[in-house]
Amino acid sequence: MDAFFSEISYMTQNNPTLNLLTLMVLVWTTGVICRIIHQPPILGELLAGIIFGPTILGIIAPSEMLHTLSELGVFFLMFYAGLETNPLDLNKFRLKSTLIGIFGFVIPFAVGYLTCLAFGLADSESLFIALGLSITAIAVSARVLHDLNLTEHRITPIIIGASIIDDVMALSFFTAIVDITANSGQMHWLSFAGILVKVLLFFSISIGIGIFLYPKIGKYFASRSSKGFTFALIMALFFGILAELAGMHLIIGAYMAGLFVREGVVSKELFTKISDRFVSITYGFLGPVFFVSLSFHVTFSIFETQLVLTLGLLTAAIIGKLLGAGWGARLSGLNRSESIVVGLAMNGRGAVELVVASIGLQLGLISDEIFSILVLIAFITTSLPPLSIKLYLQKFGTNLVNSTKP
C-alpha cells in the first residue's frame, strides 16, 4: 500500500495538471460525502488537504500552480462575500460591527500575550504570537455563513463588518510590532500614524468610488453579461491594488469592490448572471483549492516537542476570541444565541494568520517551532466554525433574527 501511494505521489509531483485533477476529484468526493452526512463542504476540503496532502499520504503535492490558484481562491471568496452583502445592511450595523471587531481583537490579543508570558516566552515573540491569535479570517467567516445558509440573518453583515475591523486593527498592530523590533524596542509613532491615515484614506476613497462614481460608469461597462462579469473583475483587482497601497491585504479591497457591484449594474437579471458565474468559480473551483492548500502547512511533530505550549496557545486562541467577540456582541445588543454564533464564527483564522506568521518567520520574530504552532492553530480554528456553529444551532435552536432589520 505504501508503494502504491508513493507511486501516485511521484506522478502528481511531476505532473501539475494531474496534481490539480487529483485535488479536484478528492474535493468533489469529500463534498458529496459531507452533504450526505449533512456537514459543511469546507470541512471535507480541509480534511482532504490533511489526509491526502504532504502531512499524511502525500498524494496531493504543493506546487506553484496550486499556490497561485489558492491566492486567487481567497481573492474570489472575499469578492463574492461582498457581492452577497448589501452595503446598506453593512452600514446599518456599523456600530455593532465596530464594537465586536474591537473587542474581538483586543481581548484575544491580551489573553494570548499573557499566556505567552506565562510560558516564559520573550516579550517581542509574545507580542507577535498574540497578534496571530487575535486575527479573524474574513474569507473563512464568509464561507461558513454561506455553507450554513445564514446569509439572510442580520449576523452576517455584522460578522463580516466586525472581521474587517478586526483585520484592519491586526494589520496596523503588525506594522507597529515590526517597527518596534526593527528599531530595538523603539517605535516610530509617526510611521504608525501614517499607516492609520492610509487605511482611513483607503476606506474613504473606496466608499466614495462605490457610492458616487461606480453607479455612473458601471451602467456603460456592464450593459451586457460578458462585459458585466469582466468589468466586475476589473473593479475587484483595482480595489485590491488600492488596499495594498494602504498597507492592507488585497482581499479587503476585493470585498469592498464586491459590495458595490450591484450599484453599477443596471439590470437585476444581469446581476444574477454575474453572481451565478462568480459563485461557480468561487465555490466550485478556486475556493476549494484554497482550503485544501491551507492544510499543506500543518505538521504534527510539534505535539512531540511542544505539546503543552501548543495546547495552551490553542486554548487561549479559542477562548479569547469567543469571549472577545461574544462579549462585544452582547454589549452591542445582540441576543445570546447570536452572540455565541458571532464568537464561534470569528474563531477562524485561515490564510491571514499564515501570511502574518510567514512574514514573522522571515523577519526572525518567531522560531520555526512557533511558526508550526501558529500554522496548526490556523488550521484547527479554521475547521472549528462550520462544525461548532452547526452543532450549536442544531442543539439549542437558531433564535436568530431572520432578516437584516435592526
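Here goes a summary of the coordinates provided.

Reading the values: the criteria
Every chain is numbered independently, its residues counted from 1 as its sequence is written. Local features in this predicted model are restricted to residues of pLDDT 70 or higher, and side-chain atom pairs are both shown and tallied only at a pLDDT of 80 or more, whereas totals for entire chains, interfaces and linings draw on every residue. Note that the side-chain values use all heavy atoms of the structure and ignore hydrogens as well as water. Helix numbering and strand numbering both begin at the N terminus, where a helix is a DSSP run of H or I of at least 4 residues and a strand a DSSP run of E of at least 2. Relative accessibility decides the category of a residue: with a 1.4 Å probe and only protein chains considered, values under 20% of the type maximum give buried, values over 50% give exposed, and everything between is partly exposed. A contact between two residues is defined here by any heavy atoms of the two lying within 4.5 Å. To be clear on the numbers: accessible area is Shrake-Rupley with a 1.4 Å probe, and residue cover counts the displayed protein chains and nothing else. Every case where a carboxyl oxygen of Asp or Glu lies within 4 Å of a side-chain nitrogen of Lys or Arg is listed as a salt bridge. Under the rule applied, a polar contact is a pair of N or O atoms within 3.5 Å (in protein, one hydrogen donor and one hydrogen acceptor; residues adjacent in sequence only if both atoms are side-chain atoms). Expected helix span is given by 1.5 Å per residue-to-residue step, counting one fewer step than there are residues. The arc refers to the directions leading from the helix axis to the C-beta atoms.

## Topic: the overall build of the protein chain
1) Next: What the protein chain contains, in helices and strands, is 19 helices and 0 strands.
2) Next: Considering the protein chain as a whole, with its 406 residues, one finds that 54% of them fall into the buried category.
3) Next: Counted over contacts in the protein chain with a minimum sequence separation of 6, partners at least 24 positions apart contribute 81%.
4) Next: On the protein chain, roughly 17,600 Å² of surface is accessible, and the fraction owed to carbon and sulfur atoms is 67%.

## Considering the environment of Gly101
1) Next: By the secondary structure assignment, Gly101 is in helix α6 (residues 94–118).
2) Next: For Gly101, a relative accessible area of 0% gives the class buried.
3) Next: Residues Gly101 and Thr136, 35 residues apart in the sequence, show an inter-C-alpha distance of 9.3 Å.
4) Next: Leaving out residues up to four positions away in the same chain, Gly101 has contacts with Ala162, Ile165, Asp166 and Met169.

## Quick word on the pattern of salt bridges
1) Next: One pass over the full model with this rule turns up 2 salt bridges.
2) Next: Put simply, Asp166 and Lys321 hold a salt bridge, and the shortest N to O gap is 2.8 Å. Highlighted residues: Asp166 in helix α9 (residues 155–182) and Lys321 in helix α16 (residues 307–331), separated in sequence by 155 residues. Judged on exposure class, the residue Asp166 and its partner Lys321 are both buried.

## Let's talk about the side chain of Arg154
1) Next: Within the fold, Arg154 resides in the loop between α8 (138–147) and α9.
2) Next: Within the structure, Arg154 has its side chain in polar contact with the side chain of Glu338 (distance 2.9 Å).

## Quick word on helix α12 (residues 250–259)
1) Next: Counting buried residues along α12, 9 of its 10 residues qualify, which places the element largely inside the surrounding structure.
2) Next: Regarding α12, the residues found buried are Ile251, Ile252, Gly253, Ala254, Tyr255, Met256, Ala257, Gly258 and Leu259.

## Here's the deal with the environment of Ile319
1) Next: Here Ile319 shows up in helix α16.
2) Next: We classify Ile319 as partly exposed; its relative accessible area is 43%.
3) Next: Between the C-alpha atoms of Ile319 and Gly112, which are 207 residues apart in sequence, the distance is 9.8 Å.

## Remarks on helix α2 (residues 16–36)
1) Next: An ideal rise of 1.5 Å per residue puts 30 Å on 21 residues; α2 measures up with 30 Å between its terminal C-alpha atoms.
2) Next: What α2 keeps buried is the set Asn19, Leu20, Thr22, Leu23, Leu26, Val27, Thr30, Gly31 and Cys34. Angularly, the buried residues of α2 cover 165 degrees about the axis, an arc narrow enough to put them on a single face. Exposed side of α2, more than 90 degrees from the buried face: Thr17, Leu21, Trp28, Arg35 and Ile36 are the residues found there.

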